[in-house]
Amino acid sequence: FPTYYVFFDVNTAPWNDLKVRQAWSHSIDRDTLKSSVLGPSGDPAYSFLAPGFPASDSESFKDIQNYDPEKAKALLEEAGYPNGDGFPKQTLML
């Protein structure tokens, strides 16, 4: 039951802005990641616990984290980064 996830330092800009975190969540196409990276194994997860794991509750979070690029773009604009302009460069470490 491995789960791959991204987390942020919510005390540091720009991640201290809820709208930025929401925009990030709506920008991830979990189905495409699953099919192009994981292949036939795995299921998209919407919570820390993988689907099928005891006490997993992915369905409750699916609607608030669904892939919606237009919503992500609007949220990022509301956070002060229209079209991503001015958003600081980020480094993803795996």
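For the structure, see preceding data.
The rules behind these values
- Residues numbered from 1 in each chain as written.
- Predicted model: local features only at pLDDT ≥ 70, side-chain atom pairs only at ≥ 80, totals over all residues.
- Heavy atoms only, no water.
- Buried < 20%, exposed > 50% of the residue type's maximum accessible area, 1.4 Å probe, protein only.
- Helix = DSSP H or I, 4+ residues; strand = E, 2+ residues; numbered from the N terminus.
- Contact = heavy atoms within 4.5 Å.
- Polar contact = N/O pair within 3.5 Å; in protein donor to acceptor, adjacent residues only side chain to side chain.
- Lys, Arg positive; Asp, Glu negative; His and termini not counted.
- Salt bridge = Lys/Arg side-chain N within 4 Å of Asp/Glu carboxyl O.
- Patch = residues over 30% accessible without salt bridge, like charges linked within 9 Å, V, L, I, M, F, W, Y side chains within 5 Å.
- Areas by Shrake-Rupley, 256 points an atom, 1.4 Å probe, with all protein chains shown as cover.

**Student:** Now, about helix H1 (residues 18-26): what can you tell me, with residues and values included?
**Tutor:** Here H1 has its buried residues at Val20, Ala23, Ser25 and His26. Tucked inside the fold, the buried residues of H1 contact helix H2 (30-38) and helix H4 (69-78). Regarding H1, its N-cap is Asp17, as a side-chain oxygen of that residue lies 2.8 Å from the backbone nitrogen of Lys19 further along.

**Student:** Any details on the side chain of Arg30? Residues and values, ideally.
**Tutor:** Summarising the element assignment, Arg30 is placed in helix H2. Asp29 provides the closest opposite charge to the buried, unpaired Arg30, separated from it by 7.8 Å. A distance of 3.0 Å separates a polar side-chain atom of Arg30 from the backbone oxygen of Ala45.

**Student:** I'd like a rundown of the environment of Lys89, residues and numbers included.
**Tutor:** Looking at the element boundaries, Lys89 is found in the segment after H4. Considered as a pair, Lys89 and Arg21 are 68 residues apart in the sequence and their alpha carbons are 15 Å apart.

**Student:** Let's hear about a nonpolar patch on the surface: which residues, and what values?
**Tutor:** A surface patch of nonpolar side chains, amounting to about 440 Å² of accessible area, comprises Tyr4, Leu33, Val37 and Leu38. By relative accessible area, which is 33% here, Leu38 ends up partly exposed.

**Student:** Which residues make up unusual backbone geometry, and what values go with them?
**Tutor:** Put simply, Ala13 and Pro14 share a cis peptide bond, and its omega is 5°. Tracing the chain through its elements places Pro14 in the segment before H1. The residue Ala55 is not glycine, and still its phi comes out positive at about 75°. Judged by relative accessible area, Ala55 falls into the exposed class, the value being 71%.

**Student:** Would you mind going over the side chain of Gln65 in detail, with residue names and values included?
**Tutor:** Topologically, Gln65 is positioned in the loop between helix H3 (58-62) and H4. Overall, the relative accessible area of 17% leaves Gln65 in the buried class.

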